[in-house]
Amino acid sequence: MDIATLRSHHPDHWARACAIRALAMDAVQAASSGHPGMPMGMADVATVLFGKHLKFDASAPKWADRDRFILSAGHGSMLIYALLYLTGYKDVTLDQIRAFRQWGSITAGHPEYGHVSGVETTTGPLGQGISNAVGFAIAEESLRARFGAGIVDHHTWVIAGDGCLMEGISHEAIGLAGMQKLSKLIVLWDNNDISIDGRIGLSDITDQRARFAAAGWTVLHCDGHDPVDIDRAMSAAKTSDRPVLIDCKTHIGFGSPRKQDTAGAHGSPLGAEEIKAVKEIYGWPHGAFDIPADILDAWRRTGARGAAERKAWEGRLNGLSAAKKAEFARQTGLEAPKKLAATIRALKRQGSEAQPKVATRKASEMVLEVINPVMPETIGGSADLTGSNNTRTGDLGIFDASNRKGRYIHYGIREHGMAAAMNGMALHGGVRPYGGTFLCFTDYARGAMRLSALMGVPTVYVMTHDSIGLGEDGPTHQPVEHLAICRATPNTWTFRPADLIETAEAWELALTSERTPSVLALSRQNLPTVRTQHAGRNLTAQGAYVLREAEGKRRAILMATGSEVEIALKAREMLQEKGIGTRVVSMPCMELFAAQPEAYRKKILPAGPVRVAVEAAVRQPWDRWLLGERGREAKAGFVGMTGFGASAPAERLYAEFGITAEAVVAQVSGML
């Protein structure tokens, strides 16, 4: 539909949509950077969505049963900021719109979760939003099965662009959503045929409608500038028994005489003269950031439209039994159950007494076997490695279209899609997601793992086969640099536990975290119990602690994690036999140790003794503990990996790469 027809046949709709377009043009121009074209092109779709279909109440942005709106095409952030301001979200003021992309403003270049009410997830890295949305839809299905449709019954709406659909993660997400028949998921494709480089045909010829249909989606289409046609498609989408793609054919930079349908509208301001020309074409005679009162009032009524529905929902919630209402609040508030701490302590005591020799991946399964029954909000899964990751316990049941009460997801070989979906579940609330693959394959999940940390969501990554100790699969599967990568990521806890006890403690921390994701790096090979004396306190929470104290004068400190703690303990015995007093420090989480008071760190790593770190990985993360914290080069050594691994049994690999107690003893002796 052209502008003249819109203005004459749908004047009220046109005025509201132009308010979005004007704010987008003005804000990008004021910032001298940004993407005006997408908001201009999708303003009609967004106006119909917010005006007629999205269930929300701007005065209650955390309403648990609101529809979720995800702007996967995050470069068009002024679309969502304009909508939030216009509909009356209190924190998105006109001053914040004016300060778009500026220091200290909440209106960042790409929408950031936690900064702005109404922004459900951080987007900008293309493909992440649509993939998060799959997790949102899974969480909605799970909670509806747990608490009933009277308490949980909402849609997840996504605006995605060509870039989102070209990113490989979208293929993983689309396939997972189709298989799961997530009928509450509706994707609005901004089909404008433009990317930064120019026409989409320069790089892609995919038939997106056929692609989605092949993955089990319902596929609809509409004129993205015809409000009646948009409304028709959205109404039809809500009746589907499968996820829905609506192909919204739009014009990027709609109405711009020089930049419509060009890359020029994509990533830079239109320019003052072009904005003036566009506003004349729109019939918008208002100055920069000026929204007429009648149009703003119309939008504010839209923002209040869901208040009655929210109040009715609150009545239904209050009609639940006190226990069920409290449980709903606990789960959606990510509050751990009171039983969790006692459950973990009991397992630790049992482990210290029985002293099992098991791989930490098996230890993790043993922990999950006691955690999952007391935490009905956990949803586990694996990227086609269930038997290797040990992530499924017998009580979970499989989550699929026939069993929404199931709590285990077969993600298939989709590490990136799994990670992004788990972020979506955690963001939705009411779910504590965890998922597994091999530590080496964090490479495939890296984009979503970084966003877990950036957003501050407590997703749990169960990463097994954590070193050359996995053996014969060889260097393609043996991680050497991956611990360093995880530890280098801000706001991430990387746990590498040495036995069942530390594994239980790591899980307790991961499942009580509110703002930090966790990586559990777990062994394939069996490891002895090293914590043989029960301690009720969670020592892993300190990051590092003295596992064995030196006998006699302390002359050496050995630091280790995971499977190498056993080697450090053996080396200590050999050194003590030589009369060299040796302390062994287990360091299951460097990040938590770094967060301890200096007095505690000084107590664990005092000045004086030589230090050797032992880990079957690269040295890089260890230099702070070897050279800093009262250490120095002449008294610091490392026993670990300097390159990639090889294919052979684990015992042979440790010997060939020199990760042995004898090597540790030699380093200590050489420095003394």
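Quick summary incoming for the structure in this document. (Residues numbered from 1 in each chain as written. Predicted model: local features only at pLDDT ≥ 70, side-chain atom pairs only at ≥ 80, totals over all residues. Heavy atoms only, no water.)

**Focus on the packing of helix H16 (residues 360-371) against helix H21 (residues 500-512)**
H21 packs onto H16 with a crossing angle of 55° between their chain directions and a minimal axis gap of 9 Å. The angle between H16 and H21 falls in the class oblique. Here H16 and H21 pass one another in a crossing that is right-handed. Of H21, the residues touching H16 (which contributes Thr-360, Ala-363, Ser-364, Met-366, Val-367, Leu-368 and Ile-371) are Leu-500, Thr-503, Ala-504, Trp-507 and Leu-511. Looking at the contact of H16 with H21 residue by residue, the class counts come to nine nonpolar, three polar and no charged. (Axes fitted to C-alpha atoms, helices over the stretch in contact; angles between N-to-C directions. Helix = DSSP H or I, 4+ residues; strand = E, 2+ residues; numbered from the N terminus. Parallel < 35°, antiparallel > 145°, perpendicular 65-115°, else oblique. Left-handed = near helix turned anticlockwise from the far one by under 90°. Contact = heavy atoms within 4.5 Å. Nonpolar A, V, L, I, M, F, W, Y, C, P; charged D, E, K, R; others polar.)

**Digging into the nonpolar core**
With 71 residues, the main nonpolar core has Phe-69, Met-78, Leu-188 and Ile-246 as its most contacted residues. In terms of residue count, the dominant contributor to this core is helix H2 (residues 11-31) (13 residues). What Phe-69 contacts, discounting residues up to four positions off in sequence, is Leu-49, Phe-50, Leu-54, Ile-80, Leu-83, Gly-118, Glu-120, Trp-157 and Ile-159. Listed in part, the 53 residues of the second largest apolar core include Ile-130, Val-134, Leu-427 and Leu-451. (Core = buried A, V, L, I, M, F, W, Y, C linked by side-chain atoms within 4.5 Å. Buried < 20%, exposed > 50% of the residue type's maximum accessible area, 1.4 Å probe, protein only.)

**Looking at H16**
The first and last C-alpha atoms of H16 sit 16 Å apart over 12 residues, in line with the 16 Å expected at 1.5 Å per residue. Within H16, nine of the 12 residues are buried, which leaves it mostly tucked inside the rest of the structure. Every buried residue belonging to H16 is among Thr-360, Arg-361, Ala-363, Ser-364, Glu-365, Met-366, Val-367, Leu-368 and Ile-371, and all of these are buried. Buried residues belonging to H16 abut helix H15 (339-354), helix H17 (386-389), strand S10 (432-438), strand S11 (460-464) and H21. (Expected span 1.5 Å × (residues − 1).)

**Side note on the side chain of Ser-364**
In this fold, Ser-364 is placed in helix H16. Other than its neighbours up to four places away in sequence, Ser-364 contacts Val-462, Thr-503, Trp-507 and Leu-522.

**As for the environment of Arg-144**
Relative to the elements of secondary structure, Arg-144 occurs in helix H6 (residues 128-147). Separated by 471 residues in sequence, Arg-144 and Glu-615 have C-alpha atoms that sit 45 Å apart. Once you skip the residues sitting within four places of it in the chain, Arg-144 turns out to touch Ala-149, Val-152, Asp-153 and Lys-184. Separated by 3.0 Å, the side chains of Arg-144 and Glu-141 make a polar contact. (Polar contact = N/O pair within 3.5 Å; in protein donor to acceptor, adjacent residues only side chain to side chain.)

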